[in-house]
Amino acid sequence: MTGIKIEGIILAAGKGTRMLPLTEKMPKPLLPVTGVPLLEIAADKLLRSGASRLHVNLFHLGGRIREYASGKDWPVVFHEEEELLDTGGGIGNMAPGLREADHILLHNGDVLSSFGFDEALEFHIGKKAMVTMILMEPQEGGRTPPAAVTVDEKGDVLDIGPSPADRHRALGYTGMAVIDPGALEYFPRKKKGLVPVLLEMISERLGSVTGFDVSSSPDAAWGEIGSPESYLDIHRRIMLEKVRFDEAVPPPPMPLRAGDGASVDPGVRWAGFLDVGKDVLIEGNTFLEDCVVLEGAAVRNGTRLRSAVVYDDKVLEVDK
C-alpha cells in the first residue's frame with residue numbers, strides 16, 4: 001500500500017509467570033523457536049507487512065530485549081513501563097508515538113501464526129472499523145485460541161467473554177489486530193485490559209470493533225507459548241508435524257536441529273524431536289526424547305530426558 005504509513009506494535013512487557021523458571025533470567029519474547037526468538041519472528045512479520053517502525057513495550061528484563069534488538073537493523077522504539085499496564089494501558093502508553101500512522105498492526109509477543117495482516121488490513125479499511133481483531137474457529141486440543149469473541153454475520157464483534165451470545169458465532173482471538181489511530185483515545189495511560197477498552201467502543205457504536213476470520217486460510221496454523229508444555233508442543237508441530245508457522249521458522253529436513261557451535265557426541269541417542277541451540281554441549285551415553293536444549297547449555301554423560309527443556313545448568317521436565 002504505497003503512501004500509507006503503517007506502525008507496528010509488539011506486546012512484550014509481560015512477566016512470563018507461566019513460563020517460570022525459564023523466564024527468571026530470560027524474557028519470554030527472547031525464547032527461541034528452532035533457534036529464532038519470538039520477538040524476531042513477530043518483528044519480521046510486521047516489517048514484511050509494511051510497518052515502517054516497531055513499538056515494543058518493556059517491563060520484565062527489558063534490558064535484555066533492548067540488548068538483543070541493538071544487534072538488529074530494526075526501526076524500533078521502546079516504551080518502558082514502570083508498572084505493568086496490561087494490554088490496554090500498554091497501548092495507551094505508546095499512543096503519542098502512534099498518532100501519525102494511517103494504520104497500526106498489533107502482534108502479541110508470544111504467538112506464532114501462518115497468516116499475516118494483509119487481508120485483515122484490507123477488511124479493516126473496507127469496514128471503516130476502529131479495531132479489527134484477527135480471529136479463528138476454536139478447535140479441541142489447545143492449538144487454537146479459545147472461543148471468546150462473539151461476531152454477527154457481518155463480522156461485527158457483539159461481545160467478548162466466555163459465554164457467547166445465542167445464535168451467533170464464537171471465535172478465538174489470535175493476539176493479532178489492526179487498529180485505527182482514532183481508537184487510541186480509548187486506551188488510557190494507566191493499567192487497563194484490552195477487553196474493557198473494546199467493550200467500551202462496542203457500547204458506543206456497533207461495528208467499531210470487527211473480527212476477521214482467518215480459519216479458511218490454507219493451512220492456517222496458530223500457537224501461543226504460554227507454558228513449558230506449549231513451548232515443547234510448538235517445536236513438536238514444527239519439527240515432527242512440519243507445520244509452517246512463519247517463513248522465519250521453516251521446518252527442518254529432519255526432526256533434529258543443531259545451532260552454530262553446538263557439539264553433539266556421536267554416541268548421543270535421541271527420539272521424537274531434538275532442538276539444540278548455539279554453543280550447546282551434549283556428551284555421549286545420553287538419551288533425549290522430545291527435548292529443547294537452549295543456547296550455551298550442557299547435557300552431561302549418562303543423562304536420560306523425555307519432554308524437557310535444558311537451560312543453563314538446569315533441566316525443566318514437562319509432564320505429558
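Located above this text is the structure these notes cover.
Residues numbered from 1 in each chain as written. Predicted model: local features only at pLDDT ≥ 70, side-chain atom pairs only at ≥ 80, totals over all residues. Heavy atoms only, no water.

1. A short note on the nonpolar core
Phase 1 of the analysis: Membership of the largest hydrophobic core comes to 31 residues, with the highest contact counts inside it found for Met 133 and Met 201.
Phase 2 of the analysis: Elements supplying a minimum of two residues to this core: strand E1 (6-11), helix H3 (86-94), strand E6 (103-108), strand E8 (131-136), strand E9 (147-151), strand E10 (157-160), strand E11 (169-179) and helix H5 (194-204).
Phase 3 of the analysis: Here this core takes five residues from H5, the largest share from any one element.
Phase 4 of the analysis: If near-sequence neighbours (up to four positions away) are discounted, Met 201 is found in contact with Met 130, Val 131, Ala 183, Tyr 186, Phe 187, Ser 208 and Val 209. (Core = buried A, V, L, I, M, F, W, Y, C linked by side-chain atoms within 4.5 Å. Buried < 20%, exposed > 50% of the residue type's maximum accessible area, 1.4 Å probe, protein only. Helix = DSSP H or I, 4+ residues; strand = E, 2+ residues; numbered from the N terminus. Contact = heavy atoms within 4.5 Å.)

2. A word on the sheet that holds strand E15 (residues 263-264)
Phase 1 of the analysis: The three strands are arranged E15-E17-E19 in an open sheet whose pairing can be described as parallel. Because the sheet does not close on itself, it has two edges, and the strands there are E15 and strand E19 (298-299).
Phase 2 of the analysis: Sheet analysis places E15 next to strand E17 (residues 281-282), joined by two bridges and oriented parallel. The residue bridging Val 264 from the neighbouring strand is Ile 282, located in E17. (Pairing = 2+ DSSP bridges.)

3. Considering unusual backbone geometry
Phase 1 of the analysis: A cis amide bond links Leu 20 with the next residue in sequence, Pro 21, at an omega value of 5°.
Phase 2 of the analysis: Tracing the sequence through the fold places Pro 21 in the loop between E1 and strand E2 (32-33).
Phase 3 of the analysis: With a phi angle near 60°, Lys 242 is a residue other than glycine that sits in the positive phi range.
Phase 4 of the analysis: Within the secondary structure, Lys 242 is located in the loop between helix H6 (228-239) and strand E14 (256-258).

4. A short note on the pairing of strand E18 (residues 287-293)
Phase 1 of the analysis: Counting buried residues along E18, seven of its seven residues qualify, which places the element largely inside the surrounding structure.
Phase 2 of the analysis: One ladder, built from six bridges, connects strand E16 (residues 269-276) with E18; its direction is parallel. What sits directly across from Leu 274, in E18, is Cys 291.
Phase 3 of the analysis: As defined by bridge partners, E18 adjoins strand E20 (residues 304-311) across six bridges and the pair is classed as parallel. Counted as the bridge partner of Val 292 is Val 309 from E20.

5. A word on the sheet that holds E14
Sheet strands pair via backbone hydrogen bonds, and the direction of the pair is either parallel or antiparallel.
Phase 1 of the analysis: With respect to topology, five strands assemble into an open sheet ordered E14-E16-E18-E20-E21, the strand pairing being mixed. Looking at which strands have only one partner, the edges of the open sheet turn out to be E14 and strand E21 (314-317). Strand-to-strand twist in this sheet, taken as the mean axis angle between neighbours without regard to direction, amounts to 30°.
Phase 2 of the analysis: Against the sheet, H6 contacts E14, E16, E18, E20 and E21, and its axis sits at roughly 105° relative to E16. (Axes fitted to C-alpha atoms, helices over the stretch in contact; angles between N-to-C directions.)

6. Let's talk about the packing of aromatic side chains
Phase 1 of the analysis: Taken as a whole, this structure holds two aromatic pairs when the rule is applied.
Phase 2 of the analysis: Considering the side-chain rings of Tyr 68 and Trp 74, the 6.4 Å spacing of their centres and the 55° angle between planes classify their relative orientation as tilted.
Phase 3 of the analysis: The partly exposed category is assigned to Tyr 68, whose relative accessible area is 24%.
Phase 4 of the analysis: Judged by its relative accessible area of 14%, Trp 74 is buried.
Phase 5 of the analysis: Ring centres of Phe 123 and Phe 212 lie 5.4 Å apart, and the angle between their planes is 50°; on these two criteria the pair is classed as tilted. In this pair, Phe 123 sits in helix H4 (residues 118-127) while Phe 212 sits in strand E12 (residues 209-213), placing the two residues 89 residues apart along the sequence.
Phase 6 of the analysis: The class for Phe 123 is partly exposed, based on a relative accessible area of 23%. (Phe/Tyr/Trp six-rings, centres within 6.5 Å; stacked < 30°, edge-to-face > 60°.)

7. Looking at the pattern of salt bridges
Phase 1 of the analysis: All chains considered together, the criterion is met by 21 salt bridges.
Phase 2 of the analysis: The salt bridge partner of Arg 306 is Glu 289, with a shortest N-O separation of 2.9 Å. One end of the pair, Arg 306, is in strand E20; the other, Glu 289, is in strand E18, and 17 residues separate them in sequence. (Salt bridge = Lys/Arg side-chain N within 4 Å of Asp/Glu carboxyl O.)

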